[in-house]
Amino acid sequence: QVQLVESGGGLVQAGGSLRLSCTASGNLIRLDAMGWYRQAPGKERELVANITSRAVPTYADFVKGRFTISRYNLGNTVHLQMNGLKPEDTAIYYCTADATEGGTFSRQLHWGQGTQVTVSS
């Protein structure tokens, strides 16, 4: 079992900042890319940012210049620094990890439980 635990969500005013963190744990033998998705009410889930095992980041256009994804030395923890938050950023943010489980040797995209980010006007 691979477990992802997110933290750092909360309520913030427009223009404010939040820092999300996610740590992967459990019986994983390989951890490749990690990233963040989000889903707002009535909207489809969308990619926010991703960082590969070679530390190459990608960002959705709507967060470029505002959000930064980081992961030190291919560790099990990924961060998402969110600056200049807007009301339209309000969503549940989900951590993801491309990981291979021990025992089954099954490679899957694993999901955290999500953390709520609410940005007030």
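Everything below is about the structure printed above this text.
In this text the structure is predicted, and so the values were computed from the model without any measurement.

## Things to note about the environment of Gln113
Structurally, Gln113 can be placed in the loop between strand S10 (107-111) and strand S11 (115-120). Residue classification places Gln113 among the exposed positions, given a relative accessible area of 65%. Considering only alpha carbons, one finds Gln113 and Gly9, 104 residues apart in sequence, at a separation of 12 Å. Residues contacting Gln113, with those up to four places away along its chain left out, are Leu4, Glu6 and Tyr94.

## With respect to the side chain of Asp32
Mapping Asp32 onto the fold places it in strand S4 (residues 28-39). Among the polar contacts made by the side chain of Asp32, one reaches the side chain of Arg107 at a distance of 3.4 Å. Beyond its immediate sequence surroundings of up to four residues, Asp32 is in contact with Ser53, Arg71, Asp98 and Arg107.

## Some thoughts on the sheet that holds strand S3 (residues 18-26)
Spatially, four strands are ordered S1-S3-S8-S7 in an open sheet, and the strand pairing comes out antiparallel. For this open sheet the edge positions go to strand S1 (2-7) and strand S7 (67-70), each flanked by a neighbour on one side alone. Between one strand and the next, the sheet's axes are offset by a mean angle of 15°, whatever the strand orientation. Alignment of S7 against strand S8 (residues 77-82), held across four bridges, turns out to be antiparallel. The residue bridging Ser70 from the neighbouring strand is His79, located in S8.

## A look at the pattern of salt bridges
With the rule as written, the count across this model stands at seven salt bridges. Where Arg38 meets Glu46, a salt bridge forms, and the shortest distance between an N and an O atom there is 2.9 Å. Overall, Arg38 belongs to the buried group, its relative accessible area being 6%. On the basis of relative accessible area, Glu46 is assigned to the partly exposed category, the value being 31%. Arg107 is the partner of Asp98 in a salt bridge, and the nearest nitrogen-oxygen pair spans 2.6 Å. Since its relative accessible area comes to 52%, Arg107 is described here as exposed. One network of salt bridges, with partners in common, ties together Arg30, Asp32, Asp98 and Arg107.

## Looking at the packing of aromatic side chains
Summed over all chains, the structure comprises two aromatic pairs. Here the aromatic rings of Tyr37 and Trp111 are separated by 5.1 Å at their centres, their planes lie at 55°, and the arrangement is tilted. Linking Tyr37 in strand S4 with Trp111 in strand S10, this pair joins segments that are 74 residues apart in sequence. For Trp111, a relative accessible area of 35% gives the class partly exposed. With centroids separated by 6.3 Å and ring planes inclined at 75°, the aromatic side chains of Tyr94 and Trp111 adopt a geometry described as edge-to-face. Linking Tyr94 in strand S9 (residues 91-101) with Trp111 in strand S10, this pair joins segments that are 17 residues apart in sequence. Aromatic rings pair up to connect Tyr37, Tyr94 and Trp111 into one cluster. Just above the ring of Tyr94 sits the side chain of Arg45; from NZ or CZ to the centre is 4.3 Å. The ring of Trp111 carries Arg45 above its face, with NZ or CZ at 4.6 Å from the centroid.

The rules behind these values
- Residues numbered from 1 in each chain as written.
- Predicted model: local features only at pLDDT ≥ 70, side-chain atom pairs only at ≥ 80, totals over all residues.
- Heavy atoms only, no water.
- Helix = DSSP H or I, 4+ residues; strand = E, 2+ residues; numbered from the N terminus.
- Buried < 20%, exposed > 50% of the residue type's maximum accessible area, 1.4 Å probe, protein only.
- Contact = heavy atoms within 4.5 Å.
- Polar contact = N/O pair within 3.5 Å; in protein donor to acceptor, adjacent residues only side chain to side chain.
- Pairing = 2+ DSSP bridges.
- Axes fitted to C-alpha atoms, helices over the stretch in contact; angles between N-to-C directions.
- Salt bridge = Lys/Arg side-chain N within 4 Å of Asp/Glu carboxyl O.
- Phe/Tyr/Trp six-rings, centres within 6.5 Å; stacked < 30°, edge-to-face > 60°.
- Lys NZ or Arg CZ within 6 Å of the ring centre and 35° of its normal.

So far we have only geometry, and geometry alone does not tell us how the molecule works.
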